[in-house]
Protein chains: 2
Amino acid sequence: MKEGPDIAQIGSLIGDPARANMLTALMGGRALTATELAAAAGVTLQTASAHLAKLEAGGLLAQRKQGRHRYFTLADDRVGKLLEGIMGFAASRGHLRHRPGPKEPALRKARICYDHLAGDYGVRMLDSLIEAGSISVVGEGLSLTAHGEKQLGSIGIDVSGLRSNRRPLCRSCLDWSERRAHLAGSLGKALLSNFFEKGWARRTENSRSIFFTPEGERRFLTLFPLELGDGNPQLELDEKL
Amino acid sequence: MKEGPDIAQIGSLIGDPARANMLTALMGGRALTATELAAAAGVTLQTASAHLAKLEAGGLLAQRKQGRHRYFTLADDRVGKLLEGIMGFAASRGHLRHRPGPKEPALRKARICYDHLAGDYGVRMLDSLIEAGSISVVGEGLSLTAHGEKQLGSIGIDVSGLRSNRRPLCRSCLDWSERRAHLAGSLGKALLSNFFEKGWARRTENSRSIFFTPEGERRFLTLFPLELGDGNPQLELDEKL
DNA sequence: GAGATGCTTCGGTTACGATCGAAGTATGAA
DNA sequence: TTCATACTTCGATCGTAACCGAAGCATCTC
């Protein structure tokens, strides 16, 4: 018997295809019922029930009962972060499942990553904030500048409110589809909520992709402009790591 | 079939107890032979051989042949970082294997975490550097200050040389035994190498624990002092995340 | 060249965990 | 109260992957 953390325990929970599908579905940020998760996993309710029990016992999921419905979410941000890390690593080693179709470009363009914007638009948003001097990069850390606080305050982001909670304001999250970073943390979450509230964007049914309305898209691209061509503020991912 | 990174693939590679033992052994930072890894995993050579082939095909390990010996290492820093993340998460959920005995306190005191110092001494080193103003904390990022560059330069750390390579200089790494952060990145590695070169510390056989000589310990504690009691520069881990 | 050592491959065995049909429990609607 | 729906539990089945003995290959030593 070895000592220390039992990584096999965590690995085997994530390593079953049905459970992995459930976890991926929950990365969409919504609470899902057992029936929905069974469908997402492609197994019967009985099988799903057993898997959900294991994931909950292992500390990856939390359950909330509402009448006869059982709603499941990722247990906390740490699980989201863990799964993001494994997704980024899997992508870097070429372990990708691929289903060509209309959804794939949509997922690459804009999707939710647990609670923040990922995809091309998520990467662009971070790049633009860095380029504008609103976010500064320190090692692997991101920090909102005074300028950035003002800029985002002007679109209705309560930055001081966000600072008062314990969660990190800005966090870099590896974007597996763009192989570069997008913005996670409480600021990332607040920005995406802001876009939903303004009606610029909305979730799509049964998918992690995010749909921007034409007007929302226009406003988003105006708010987060990027200079054309080189001069992109991020180093390529595999150089940065 | 779902789209995106195949987290089940990575999860199942890590999820087998024998493979997990091998990966954990390799977190010691040394290249190990197939025979050594079989022993670490508690399986026969044939079983170990099959497992090593899978880990290599999956992108987690790299192999180097030397005569009839096959030496294995983690494929790169990303694998180390991934495993660190899983270890930290497993510890936070209580998934710990426990073998009471003389080695456990030694592992808690000082051990190697792939290529840098972990354990109580690793946490203390980072805390002290922050307290002294040698490292500043920005969000989740760590940055070496001018003062820090001077301080570490005085003990023989070539900081500008380290800055010139692509790897991040300072990186926060969750310490599963202390539940707080220690210093990873190229600076973390350089510091540990420095202690080895000075003879302050050395590896122990068949263990990830690190032994400090009495003189080395005295010098280490002098170089990285900590104020007594509260006022510790790091927030408690689960508050910070 | 023969023997030893490190490791891989082959083929067979077995245990275990995922799976689901059937039955049961809890909750909500008519 | 009865029926419907969401979900859990039980028990049986089956596939798969880990396991290892035996054989084979590559390299090193005497």
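Residues numbered from 1 in each chain as written. Chains lettered and ligands numbered in written order. Predicted model: local features only at pLDDT ≥ 70, side-chain atom pairs only at ≥ 80, totals over all residues. Heavy atoms only, no water.

Q: Lay out the overall build of chain A in plain terms, naming residues and giving numbers.
A: Counting its secondary structure elements, chain A contains 12 helices and 13 strands. By the compact-globule yardstick of 18 Å for 241 residues, chain A fits well, its C-alpha radius of gyration being 19 Å. With the C-alpha coordinates of chain A rotated into their principal frame, the extents come out at 50 × 45 × 40 Å. Burial status across chain A gives 51% buried among its 241 residues. Counted over contacts in chain A with a minimum sequence separation of 6, partners at least 24 positions apart contribute 60%. Counting only carbon and sulfur atoms, one obtains 52% of the accessible surface of chain A, whose full area is about 10700 Å². Taking the average place of the 33 positive charges on the side chains of chain A and the average place of its 27 negative ones, the gap between the two points comes to 6 Å. (Helix = DSSP H or I, 4+ residues; strand = E, 2+ residues; numbered from the N terminus. Rg over C-alpha atoms; globule rule 2.2 N^0.38 Å. Buried < 20%, exposed > 50% of the residue type's maximum accessible area, 1.4 Å probe, protein only. Contact = heavy atoms within 4.5 Å. Areas by Shrake-Rupley, 256 points an atom, 1.4 Å probe, with all protein chains shown as cover. Lys, Arg positive; Asp, Glu negative; His and termini not counted. Charge placed at Lys NZ, Arg CZ, Asp CG, Glu CD.)

Q: Go over the environment of Lys54 of chain A with me, naming the residues and quoting the values.
A: Secondary-structure assignment places Lys54 of chain A in helix H4 (residues 45-57). Leave out the neighbours within four places in its chain, and Lys54 of chain A touches Leu13 and Arg19 of chain A.

Q: Tell me about helix H8 (residues 146-153) of chain B, residues and numbers included.
A: Side chains of residues three or four places apart in an α-helix project in the same direction, reflecting 3.6 residues per turn. Residue and element names in this part refer to chain B. Listed as buried for H8 are Gly148, Gln151 and Leu152. Buried residues along H8 cover an arc of 90 degrees about the axis, so they all sit on one side. Turned more than 90 degrees off the buried face of H8, the exposed positions are Ala146 and Lys150. If you follow the buried residues of H8, they end up packed against helix H7 (120-131), strand E9 (141-144), helix H10 (185-198) and helix H11 (214-223). (Arc of directions from axis to C-beta.)

Q: How would you sum up the packing of aromatic side chains? Please name residues and give values.
A: Residue and element names in this part refer to chain A. Per the counting criterion, the structure on display carries 16 aromatic pairs over all chains. A ring pair is formed by Phe195 and Trp200, whose centres lie 5.4 Å apart and whose planes are at 10 degrees; its orientation type is stacked. For Phe195, a relative accessible area of 0% corresponds to the buried category. Centre to centre, the rings of Phe195 and Phe224 are 6.3 Å apart; their planes meet at 70 degrees, and the pair counts as edge-to-face. Taken together, the positions of Phe195 in helix H10 (residues 185-198) and Phe224 in the loop between helix H11 (214-223) and helix H12 (237-240) put the pair 29 residues apart, joining distant regions of the chain. Through a chain of ring-to-ring contacts, three or more aromatic side chains come together here, namely Tyr121, Phe195, Trp200, Phe212, Phe220 and Phe224. Here the guanidinium or amino end of Lys198 rests over the ring plane of Trp200, the centre of that ring lying 5.5 Å away. (Phe/Tyr/Trp six-rings, centres within 6.5 Å; stacked < 30°, edge-to-face > 60°. Lys NZ or Arg CZ within 6 Å of the ring centre and 35° of its normal.)

Keep in mind these values describe shape, not function.
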